[in-house]
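Residue-level listing of the chains:
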Amino acid sequence: MLWYTGKRLLQTIPVFFGATFLIYFMVFSLPGDPIAALFGDHPPAPAVIDQIRAEYNLDKPFIVQYFLYVGGLLTGDLGTTFSGRPVIDVMVKAFPITFRLAMLALAFEAIAGILVGLISGLRKGKWFDSSALVVSLLLISVPTFVIGFVFQLVFGIQLGWARTTVSGDAPWGELVLPAIVLATTSFAYIVRLTRASVADNLNADFVRTATAKGLSRRRVVTVHVLRNSLVPVVTFLGVDVGSLMVGAIVTEGIFNINGVGGTLYRAINLGEGPTVVSFVAVMVIIFMLANLLVDLLYAALDPRIRYAK
Amino acid sequence: MSQLATETRAENVSGEEQPLLQVRDLEVGFETQRGVVSAVRGVDLTLYAGQTLAIVGESGSGKTTTAQSIIDLLPRNGKVTAGQILFEGRDLTTLPPAAIEDVRGRLIGYVPQDPMSNLNPVWSIGFQVEEAIKANNVAQGKEARLRTIQVLKDAGLSDAADRLKQYPHQFSGGMRQRVLIGIGLSAKPKLLIADEPTSALDVTVQRQILDHLATLTRDYGTSVLFITHDLGLAAERAEQLVVMYKGKVVESGPSQEILANPQHPYTQRLVSAAPSLASRRIQSAKHADADDPQIYAGGSTDDTLIARAAEREQAAPAKALISVENVTKMYKIRQQGFRSEKLLAVNDVSFGVQKGTTTALVGESGSGKSTVAKLILQLESITSGRIEFDGQNVAGLKGAELLKFRRRVQPVFQDPYGTLDPQYNVGNTIAEPLLAHKVGTKKERQARVLELLDQVSMPSATRFRYPGELSGGQRQRIAVARALALKPDVLVLDEAVSALDVLVQGQVLNLLTELQTELDLTYLFITHDLAVVRLIADNVCVMQRGRIVEAASTDEVFDNPKEQYTQELLAAIPGGDFEFGR
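Residues numbered from 1 in each chain as written. Chains lettered and ligands numbered in written order. Predicted model: local features only at pLDDT ≥ 70, side-chain atom pairs only at ≥ 80, totals over all residues.

Novice: Would you explain the overall build of chain B in this entry?
Specialist: Helices and strands together make up the secondary structure of chain B, namely 22 helices and 20 strands. With 582 residues in all, chain B has 46% of them scored as buried. Long-range contacts, defined here as pairs at least 24 residues apart, represent 70% of the contacts in chain B between residues at least 6 apart. (Helix = DSSP H or I, 4+ residues; strand = E, 2+ residues; numbered from the N terminus. Buried ≥ 20, exposed ≤ 12 C-beta atoms within 10 Å, placed from the backbone. Contact = placed C-beta atoms within 7 Å.)

In structure tokens form, the structure reads like this:
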């Protein structure tokens, strides 16, 4: 298991370089001159532009730029934004906020989704199940930003339970409403996934045998149905960590959160290579670690899956 | 033992003791989209303490439903609609859910059919046994752990203490069934319901497990309700027999009596179709000799049989149609990392099959018999050796040559549910090989389909139906018709009748015999069921761990087995030496 984990961690290295290279290339290929865009309608003297270009290595060929960037990366220097702040400072401020948001969303969709899915699966065809199906379909088909605005209106303005915008350092409490909005689509998927899985497992032979042993209904469901049903759900949750990070861009926009989404959006518009690449690289790493965690959890849930040493 | 049982029963009746289990007028229905379908329609049965009772019937007869309704294990759409189930005088059908939980496991144990799917794959064996022990309050805490080990040891797992933390997938089928028996008996219940507890296992394992089960239930004084489709097994293991057909009990009483002298027409058919060691090779009507009635009568016919065998030997051509010489097949099993382990699935196997005869390959699972079939069919390549068909080396045939070979050698596989495409109607299914080999015009192909349906005794309207609308036996007939479409010389039948109920099995075997005479077919018959071999094969090769351990004519193997392994296999057939009434 340890060896397997190590191997998987080693695999992140080539993926990391591949991903950063591709993203750097894409930012480099973006049309328009980032420096010209920086100054808008009042271009400075050509000498100043050249000086800025040299400062950000923009005068060098792409491959040299990339290697200079990677070289900096390895020495802990992620470069600076066009406004002169070190990229690392921006990251340290933005990432914890988005991370908190995503974790809250993940917790919400896992707990609520599995609970509703379980009850639905156990009462297949009854009114609870039917309503859960309709609601989940609705949540899947309505875009996040619509749900976001509706929630702002209902919970923020009419009921006054939560703030419609989140303050600068985004405390946990203020992030609850945005997290629920962010999680809605995944929540609906998890409800459906859990429901199908539970209904399937209820008909399994080993569940009948467990009943025949004389176990109580509660124990049969929690010990023999639920654990077996969680395997596909956990897989989905792992992949979803990535989608939540990405999906956060919209939600952060709606609730005016100073997280990764907003920062990244601005950096892309400005063509700030180092900022974009650094942010995306961290996201790639988070995504890979989440997937590794899922694979390890998988083995813990299902002993038939044992990874080669 | 059976005499003892008879005495016990007599005692029970005379002492007017209350029966342990009494099912009265039981009716069970399943809610479906087309309304309520009744599966059990007025079943009565009585079981006294210490007795063993078997419910026998084919699939769909309601035997499992009856058993499951006793401790309310019916699927969610199933419901007891009428009748009583009295256990020690208490009606179980009226008990609230909490009370029936108390009965399950503690008073009535249950051993399910399929050991592969009845243990939860994500919990360890120890956990699953201990859970049953704790739930029934047999022992708690540390004591429960010790009791778990004891239960598993009693069930025949000698190294139980070391294996508690292992998971079901690390156990063989036989071992898992032992675990399930251990669970069923863990609370020493008064009644054990065993629903086909060994039908998924090889005969030798089956025998060990049934012996063990008999010992345990005798020691614990547990009554057993057996559900089985195997008459031989019922005859051997149960004193009392209940025969079910279409949800009703058609006959009940002492098992030996019923099987020796069946009264109801259905039981008579069932008994006469049951293959056993006492049966003889099925002869087709056309081929039958004048003295055949004698053979059927089961009298002393050794002389005639020997004469017939001699005749057959003389008539047979010297050159075999299929000849397998020193064939070996090695699989590489990938281990962790880059290492791989070699597995000799087929080890230096040689045999020949004469034209127009049937050779049976017999063995337990993992003996390599199906691999040999795949090698002959050219579905797998051989590692070394030589396979000849009609004088031609067939190993490594390619393109047109391979197609030509395939036209002459056709397979029929075990699972009639898996081998027919559910989206294809029967006519298209049968015509597909003709289409693939570009035989005839559309009209000619249709005519051939009709002819084939007639040959397998199916009405011509069947061609418009879909596999889902047909029964298992009908599907297997279609599979045979498809295999015959190209007028092959050889049929390779890989467990072709193993999934069928005994009556249907008998019909298909009869059909195969008739077709053999009519079309001069050669069969390679792969099976684990020795009793079936006796009905259909001329020659037998017994396989064990990739080798042929004994090869001879069928009569020789059955009457005078030379190898110890063959003897063990024969001895393990349930009810093997029991003479069924015919």
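Novice: Explain the pairing of strand S13 (residues 358-362) of chain B to me, please; I cannot follow it from the model alone.
Specialist: A regular strand places its side chains so that they alternate between the two faces of the sheet. Residues and elements named next belong to chain B. Of all 5 residues that make up S13, 5 are buried, and the element is covered over most of its length. Here S13 shows two buried faces, one formed by Thr358, Ala360 and Val362 and the other by Thr359 and Leu361. In the sheet, S13 pairs with strand S18 (residues 522-527) via 5 bridges, with the strands oriented parallel. Of the residues in S18, the one forming a bridge with threonine 359 is leucine 524. In this sheet, strand S19 (residues 539-544) lies alongside S13 in parallel orientation, the contact comprising 4 bridges. Within the sheet, the bridge partner assigned to alanine 360 lies in S19 and is valine 540. (Pairing = 2+ DSSP bridges.)

Novice: How do you make sense of the interface of chain A and chain B when you look at a structure like this?
Specialist: A common way to state how big an interface is: give the accessible area lost once the parts meet. Taken together, the contact between chain A and chain B spans 21 residues of the former and 25 residues of the latter. Only helix H9 (205-212) and helix H10 (217-255) of chain A provide two or more residues apiece to the side of chain A that touches chain B. A per-element tally of the side of chain A that touches chain B places H9(A) first, with 7 residues. Residue composition of the side of chain A that touches chain B, by class: 7 nonpolar, 6 polar and 8 charged. (Nonpolar A, V, L, I, M, F, W, Y, C, P; charged D, E, K, R; others polar.)

Novice: What should I look at first to understand the pairing of strand S14 (residues 384-389) of chain B in this one?
Specialist: Relative to strand S15 (residues 392-393) of chain B, S14(B) is paired through 2 bridges, and the arrangement is antiparallel. Opposite B:Glu388, over in S15(B), you have B:Asn393 as the bridge partner.

Novice: Would you mind showing me how to read the sheet that holds strand S20 (residues 547-553) of chain B here?
Specialist: Two modes of strand pairing occur in sheets, parallel and antiparallel, and in both the strands are linked by backbone hydrogen bonds. All names here are of chain B. Reading across the sheet, the 6 strands line up as S16-S17-S18-S13-S19-S20 and stay open at both edges, with mixed pairing between neighbours. Strands at the two margins of the open sheet, each flanked by one partner only, are strand S16 (409-412) and S20. Neighbour-to-neighbour, the strand axes of this sheet turn through a mean angle of 15°, independent of strand direction. Sheet analysis places S16 next to strand S17 (residues 490-494), joined by 4 bridges and oriented parallel. Note on S17: the bridge partner recorded for glutamine 410 is leucine 491. The strands touched by helix H14 (residues 369-376) are S13, S17, S18 and S19; relative to S18, the strand with the most contacts, the crossing angle is about 150°. (Axes fitted to C-alpha atoms, helices over the stretch in contact; angles between N-to-C directions.)

Novice: I tried to follow helix H4 (residues 125-135) of chain B on my own but got confused; where do I start?
Specialist: Helical geometry: 3.6 residues make up each α-helical turn, so side chains three or four residues apart lie on a common side. Judged by how many residues are buried, H4(B) sits mostly within the fold: 10 of 11 residues are covered. Tucked into the core, H4(B) has its buried residues touching helix H5 (141-154), helix H6 (160-163) and helix H7 (173-185) of chain B.

Novice: Sorry, what's going on with the nonpolar core here?
Specialist: As a rule of thumb, soluble globular proteins bury nonpolar side chains together. Judged by nonpolar contacts, the single largest core of 140 residues is most densely connected at A:Leu101 and B:Phe226. Counting residues in hydrophobic clusters, the runner-up holds 75 residues, among them B:Leu321, B:Ala345, B:Ile382 and B:Ala481. (Core = buried A, V, L, I, M, F, W, Y, C linked by C-beta atoms within 7 Å.)

Novice: What am I meant to see in the environment of A:Ala170 here?
Specialist: All names here are of chain A. As for its placement among the helices and strands, alanine 170 is situated in the loop between helix H7 (144-158) and helix H8 (172-202). For the pair formed by alanine 170 and proline 303, sequence separation is 133 residues and the distance between their alpha carbons is 41 Å. Discounting chain neighbours no more than four positions away, the residues touching alanine 170 are Ile97, Arg100, Leu175, Ile257 and Asn258.

Novice: Is there a simple way to explain the sheet that holds strand S5 (residues 90-91) of chain B in this structure?
Specialist: Residues and elements named next belong to chain B. A sheet is described by the order of its strands in space; here 4 strands give the open sequence S2-S1-S4-S5, paired in antiparallel fashion. Only two strands of the sheet have a single neighbouring strand rather than two, namely strand S2 (35-47) and S5. Pairing of strand S4 (residues 78-87) with S5, which is carried by 2 bridges, proceeds in the antiparallel orientation. Bridged to phenylalanine 87 within S5 is arginine 90.

Novice: Honestly, the packing of helix H11 (residues 265-273) of chain B against helix H19 (residues 502-519) of chain B in this entry has me stumped. Any pointers?
Specialist: The description of two packed helices rests on the angle between their axes and on the distance between the axes. Residue and element names in this part refer to chain B. Look at H11 against H19: their axes get within 9 Å of each other, and the N-to-C directions meet at 55°. For the element pair H11 / H19, the angle class is oblique. H11 and H19 meet at a crossing whose hand is left-handed. Across the interface between the two elements, Arg269, Leu270 and Ala273 of H11 pack against Val502, Leu503 and Gly506 of H19. In the contact of H11 with H19, the residues fall into 4 nonpolar, 1 polar and 1 charged. (Parallel < 35°, antiparallel > 145°, perpendicular 65-115°, else oblique. Left-handed = near helix turned anticlockwise from the far one by under 90°.)

Novice: I tried to follow unusual backbone geometry on my own but got confused; where do I start?
Specialist: With the exception of glycine, the majority of residues adopt a negative phi angle, and the majority of peptide bonds are in the trans configuration. Residue and element names in this part refer to chain B. One non-glycine residue, aspartate 72, adopts positive backbone phi at about 55°. Here aspartate 72 is to be found in the loop between helix H2 (63-70) and S4. C-beta crowding within 10 Å serves as the criterion here: with 20 such atoms nearby, aspartate 72 is assigned to the buried category. Look at lysine 487: it is not a glycine, yet its phi comes out positive at around 50°.

Novice: Honestly, the confidence of the model for chain B in this entry has me stumped. Any pointers?
Specialist: Keep in mind that low pLDDT regions are not for reading the predicted coordinates in detail. Residue and element names in this part refer to chain B. With 87% of its residues at a pLDDT of 70 or more, chain B shows a mean pLDDT of 83. Between residues 1-15, whose pLDDT stays under 50, and residues either more than four places distant or in other chains, the model counts 9 contacts. Residue range residues 285-301 is modelled with pLDDT below 50. Its contacts to residues more than four positions away, or to other chains, number 13 contacts. Scoring of the predicted complex yields 0.75 for pTM and 0.76 for ipTM. (pLDDT = per-residue confidence, 0-100.)

Novice: I tried to follow the environment of B:Val250 on my own but got confused; where do I start?
Specialist: All names here are of chain B. Inspection of the secondary structure puts valine 250 in strand S10 (residues 248-254). Residue class for valine 250 comes out partly exposed when judged on the 18 C-beta atoms lying within 10 Å of it. Along the backbone, valine 250 and proline 265 are 15 residues apart, and their C-alpha atoms lie at a distance of 9.1 Å. When neighbours within four sequence positions are excluded, valine 250 is seen to be in contact with Val243, Met244, Tyr245, His264, Tyr266 and Thr267.

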